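# Understanding the architecture of this molecule
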Amino acid sequence: MRPSEAATLARQALADGDSTLARSIAERLLADFASYPPARLVRALLAEQANDSDAALDDLRGVTSAEPTNAEARAAQARLFQRRGDTDRARMAARQSVELIPGDPKVLESALEILNVEPDSLETSAAVLARVHLNCGWPDLAERHARVAVSESPERVDVRLTLAEALWRLGRLSACEAECRVVADQAEECVRAAVMRAHILSERGRTAEGQELLDRIGRIDPEFREARELLGTLEVHRLVLPGVVEIDLPPELVRQSNGTVEAVTEPSPADETPAAASPVADPAGAESQTVDGPAGQVETPEQSTVKDQPSQPVEDLPESQGQPDAADSLPVTGDESAVASTQLRLDETAEEPESPAVADVLPASSEAAAEAAEPAVEASAGAAFSTFDWARHLIEQSEWTEAERVLTDIVTANDPDVSRVDGLLLEAVAHRELRGSAWKLLGDHYMQTGRPQAAADAYLRAANVAGGSTE
């Protein structure tokens, strides 16, 4: 069971009023990960219920140190400060919680109650505007408002973290590093700042130091969720994300919880691979990660010269381009993708040429794939092909018009197995008759899956083919 799944069980037990079970699960998590924020937050809420404000505030300080933008922790601090009669600190924490835009209505209501204002009476602050712009993908506007917010509230570590991230997304790495150091002075265990610093170190050629810093994050964020989210926005990076750890929750604790483990183990949007905010092929366990983006894209000479410019996420190359096997008819799970990615090494991808290699190398592999696929096709006569199998079969039979139609249907269907679609389209790119349309479809697919930079590159290649380029 993943730590986040166990934390979900603890929160459910807390919501159901089973404090004993919630505490047992939280303590079990903290035995392995002493600084794990979700578990410390559960323990803090339990201490709040028991009127142990000292213990609650101690755990909340740990939570906000690791996650300065945790609105629920700020709201809990506000309630505890108010209980102690520290009105000024209570109102400051409540205001901070509101400006962090909590997703839980109860959290927002508790903060507004301390502020003694109605929701429609709140003024829009620079901190809120900065966060909204950053979430919308407008880092230049986010930086502008974040600087105003920092000047107004220099003690607000959450605002400074927003400024640091805006600078990071703009590729202004030196300025970002300076802000991250200020954040680390105020919040020593801040995971988000540490991830950005690790990436900056690797971009400056100090990859070993960056990797060491990233590995230390696992003590606080064992699933590397924030690292996956941030690094997933990069087209190329040199850091290796360790595999996700699991814990053995005693069966009696699982049985005591309401519902089964399966009820809470559905992957969150941050975990799903691929997702808009994270690489398609889970980089966990990959030995090297120079290529961390759309299948088949490698670092080009142009990309390698721009080291300070964060890019959009791209995915790991499929384990075998252009070679169908028995597993192609089944969806590839995140774990299977992670296992496959371990076989992709830096020297193997970095030495591949840019676009001509797709045309030069893949045809040979496609011929081998066709020869390997013939017995399978004959053996499966009468059996139902998957759409992917049918597309490959049409390509092997040089049925270009029909193959293009099937590929278009696959892209239009927006199949959730993004890496599989990437691999199929890159196989199609190897064939001169399909190259232009396949690049166009690949661009459409990249846009559907939130990778605009990769899409722009694919559209450019399609235009080059249409214009008579030899690409």
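The text that follows walks through the structure, step by step, so that each part is easy to find. (Residues numbered from 1 in each chain as written. Predicted model: local features only at pLDDT ≥ 70, side-chain atom pairs only at ≥ 80, totals over all residues. Heavy atoms only, no water.)

What follows covers the layout of surface pockets. There is about 1200 Å³ of room inside the largest pocket. Lining the largest pocket are 40 residues; nearest its centre among them are Glu67, Thr69, Asn70, Glu226 and Glu229. Elements that contribute at least two residues to the lining of the largest pocket include exactly helix H1 (3-15), helix H3 (37-49), helix H5 (71-83), helix H8 (126-135), helix H10 (157-169), helix H12 (191-203) and helix H14 (225-231). The residue inventory of the lining of the largest pocket, partitioned by class, reads 19 nonpolar, eight polar and 13 charged. (1 Å grid on protein atoms, 1.4 Å probe; cavity = no way out; pocket = protein on both sides within 12 Å on 5 of 7 lines; lining within 4 Å. Points joined across faces, edges and corners; volume = space filled by probe spheres on them. Helix = DSSP H or I, 4+ residues; strand = E, 2+ residues; numbered from the N terminus. Nonpolar A, V, L, I, M, F, W, Y, C, P; charged D, E, K, R; others polar.)

So, about the packing of aromatic side chains. Considering all chains together, one arrives at one aromatic pair under this definition. Across from the ring centre of Phe388, 4.1 Å away, lies the NZ or CZ of Arg420, which sits over that ring. (Phe/Tyr/Trp six-rings, centres within 6.5 Å; stacked < 30°, edge-to-face > 60°. Lys NZ or Arg CZ within 6 Å of the ring centre and 35° of its normal.)

What follows is about helix H21 (residues 400-413). Taking 1.5 Å as the rise per residue, H21 with 14 residues should run 20 Å; its terminal C-alpha atoms sit 20 Å apart, in good agreement. For H21, the complete set of buried residues consists of Ala403, Val406, Leu407, Ile410 and Val411. Relative to the axis of H21, the buried residues are bounded by an arc of 140° and lie together on one face. In H21, the exposed residues that point more than 90 degrees away from the buried face are Thr401, Thr412 and Ala413. Two residues or fewer after H21 comes Asn414, characterised by a positive phi angle close to 55°. (Expected span 1.5 Å × (residues − 1). Buried < 20%, exposed > 50% of the residue type's maximum accessible area, 1.4 Å probe, protein only. Arc of directions from axis to C-beta.)

In the contact formed by H10 and helix H11 (residues 173-186), the axes pass within 8 Å of each other and the chain directions differ by 160°. Taken together, H10 and H11 sit at an angle that is classed as roughly antiparallel. Of the two elements, H10 crosses H11, and the hand of that crossing is left-handed. Where H10 abuts H11, its residues Val157, Arg160, Leu161, Leu163, Ala164, Leu167 and Trp168 lie against Leu173, Ala175, Cys176, Glu179, Cys180, Val182, Val183 and Gln186. Class assignment of the residues belonging to the contact of H10 with H11 gives a composition of twelve nonpolar, one polar and two charged. (Axes fitted to C-alpha atoms, helices over the stretch in contact; angles between N-to-C directions. Parallel < 35°, antiparallel > 145°, perpendicular 65-115°, else oblique. Left-handed = near helix turned anticlockwise from the far one by under 90°. Contact = heavy atoms within 4.5 Å.)

A separate point is the nonpolar core. Judged by nonpolar contacts, the single largest core of 43 residues is most densely connected at Ala6, Ile25, Leu29, Leu60 and Leu249. Looking at this core, the elements with two or more residues in it are H1, helix H2 (19-32), H3, helix H4 (53-66), H5, helix H6 (87-99), helix H7 (105-115) and helix H15 (251-256). The leading source of residues in this core is H3, at seven residues. Not counting residues up to four positions away in its chain, the partners in contact with Ile25 are Ala6, Leu9, Ala10, Leu249 and Leu253. By size, the runner-up hydrophobic cluster in this structure holds 39 residues, among which are Leu163, Leu173, Val183 and Leu241. (Core = buried A, V, L, I, M, F, W, Y, C linked by side-chain atoms within 4.5 Å.)

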